[in-house]
Amino acid sequence: MKAIILLGAPGAGKGTIAEGIKAATDYVHVSTGDMLRAAVKAGRPVGLEAKAFMEKGELVPDNVIIKIVTERLEEGKSDAHYMFDGFPRTTEQAYMLDDVLKSHGGRVEQVFLLDVPREILVDRLSGRRVCKNCGAVYHIRNIPSKVAGVCDLCKGPLYQRSDDTEETVLNRLEVFKKQTQSLINYYEKKKALIRIDAGKKKETTQAEIVSMLKVPARSP
Ligand code: AMP
C-alpha cells in the first residue's frame, strides 16, 4: 500500500487535479472532504460530529478523521496506490497515515505541494459551484456550465458549498496557513515534498504531476 498526497490550500485545485490523475493512472482517490460531505448528507453520526466544524471552516478533530481514513484503507486492497486530497492536514494525521501504510509494508512516496497565489485562491473558491447530484465542479467565470445553475453532465442543480462563502473562505485559508507549515517541514525532512506551481491551467498541472509519478500512467 503506497500513497501520494496532494497538499494545498483550499482552492488550490486538489480535487480537480486528483480527478485528472485518477483518469490517467491507477491511483485510488481519497478525499476526506468528500467523505465528510457524504456523511453529512446521509445524516451519519460522523457527519453530525463534523458538520459544525466544516461550516465554520475549522478542522474536524483528528480522532474523527483518523477513524474514517483507517476504515477506508481497511476496506481497500492492500496493494492499492492511494492519492490523498485534503488529508493529512495535521502532523497527527500524518503520523497515523505513516503507521497504517507501514503496517501494510508501504509508505508515502511523494507529496505534491500545490502553490497558488492567495488572490487566485479566493477567486476560485468564491466562484466555485458544485452539482448537487454528481459532484461535478464549475466556476462561474473560469469553468461555467452551458446553462447557468445546471450541470452539463447530469442536469442536476448547481450550488455554492456553505463553506465557500467569503467569510468562511478567509478562515479556511488562515487555518491552512497555521497547520501546513509543520506538515511541509515533516515531508521535507523525509525528502518527499515536491513544490508545484499550480496557478496555471489544470491540464498543465495535471500533466506535470503525472509525468513525475512513480506509478506510470495507464496506456491510452
Ligand atoms: P475540503 O473539501 O478538503 O476543503 O474540506 C472541507 C472541510 O472538511 C474542511 O474545511 C474541514 O472542515 C473538513 N476536513 C476535510 N478534510 C479534513 C482533514 N483531513 N482534517 C480535518 N478536517 C478536514
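Residues numbered from 1 in each chain as written. Predicted model: local features only at pLDDT ≥ 70, side-chain atom pairs only at ≥ 80, totals over all residues. Heavy atoms only, no water.

When its secondary structure is counted, the protein chain shows 8 helices and 8 strands. The buried share among the 220 residues of the protein chain stands at 45%. Of all intrachain contacts in the protein chain linking residues separated by at least 6 positions in sequence, the fraction that spans at least 24 positions is 70%. Per element, the accessible surface of the protein chain, about 11500 Å² overall, is 53% carbon and sulfur. (Helix = DSSP H or I, 4+ residues; strand = E, 2+ residues; numbered from the N terminus. Buried < 20%, exposed > 50% of the residue type's maximum accessible area, 1.4 Å probe, protein only. Contact = heavy atoms within 4.5 Å. Areas by Shrake-Rupley, 256 points an atom, 1.4 Å probe, with all protein chains shown as cover.)

Another aspect to go through is the sheet that holds strand 5 (residues 128-131). The antiparallel open sheet is built from 3 strands, whose spatial order is 6-5-7. At either margin of the open sheet sits one strand with a lone partner, and together these are strand 6 (137-139) and strand 7 (158-159). Looking at chain direction, strand 5 and strand 7 are connected through 2 bridges and run antiparallel. Paired with valine 130 across the strands is tyrosine 159, a residue of strand 7. Helix-sheet contacts for helix 6 (residues 118-126) involve strand 5 and strand 6, and the interaxial angle to strand 5 is about 40°. (Pairing = 2+ DSSP bridges. Axes fitted to C-alpha atoms, helices over the stretch in contact; angles between N-to-C directions.)

This part is about the packing of aromatic side chains. Considering all chains together, one arrives at 4 aromatic pairs under this definition. Here phenylalanine 84 and phenylalanine 87 contribute two aromatic rings whose centre-to-centre distance is 5.3 Å and whose plane-to-plane angle is 55°, an arrangement assigned as tilted. This pair shows no difference in class: phenylalanine 84 is buried, exactly as phenylalanine 87 is. Between tyrosine 95 and tyrosine 186, the ring centres sit 5.4 Å apart and the planes meet at 75°, which makes this aromatic pair edge-to-face. With tyrosine 95 in helix 5 (residues 91-103) and tyrosine 186 in helix 7 (residues 166-189), the pair connects residues that are 91 residues apart, well separated along the chain. Judged by its relative accessible area of 38%, tyrosine 95 falls in the partly exposed class. A cation over an aromatic ring shows up here: lysine 56 above the ring of phenylalanine 53, its NZ or CZ 6.0 Å from the ring centre. Above the face of the tyrosine 159 ring, lysine 132 is positioned so that its terminal group lies 5.1 Å from the ring centre. (Phe/Tyr/Trp six-rings, centres within 6.5 Å; stacked < 30°, edge-to-face > 60°. Lys NZ or Arg CZ within 6 Å of the ring centre and 35° of its normal.)

So, on to the packing of helix 5 against helix 7. Here helix 5 crosses helix 7 at 35°, and the two axes come no closer than 9 Å. In this structure, helix 5 contributes Thr91, Ala94, Tyr95 and Asp98 to the contact, and helix 7 contributes Ser182, Leu183, Tyr186 and Tyr187.

Along helix 3 (residues 45-56), the positions that sit buried rather than exposed are Val46, Gly47, Ala50 and Met54. One side of helix 3 holds all its buried residues, which, seen down the axis, span an arc of 80°. Opposite the buried face of helix 3, by more than 90 degrees, sit the exposed residues Pro45, Leu48 and Lys56. Against helix 2 (32-41) and helix 4 (62-75) lie the buried residues of helix 3. (Arc of directions from axis to C-beta.)

Every one of the 16 residues lining the ligand counts as a neighbour, but Thr32, Arg37, Glu58, Gly86 and Arg89 are closest to it. A distance of 3.1 Å is found between a nitrogen atom of the ligand and a backbone nitrogen or oxygen belonging to valine 60. In terms of residue count, the dominant contributor to the shell around the ligand is helix 2 (4 residues). Grouping the constituent residues of the shell around the ligand by class yields 6 nonpolar, 4 polar and 6 charged. (Near = heavy atom within 4 Å. Polar contact = N/O pair within 3.5 Å; in protein donor to acceptor, adjacent residues only side chain to side chain. Nonpolar A, V, L, I, M, F, W, Y, C, P; charged D, E, K, R; others polar.)

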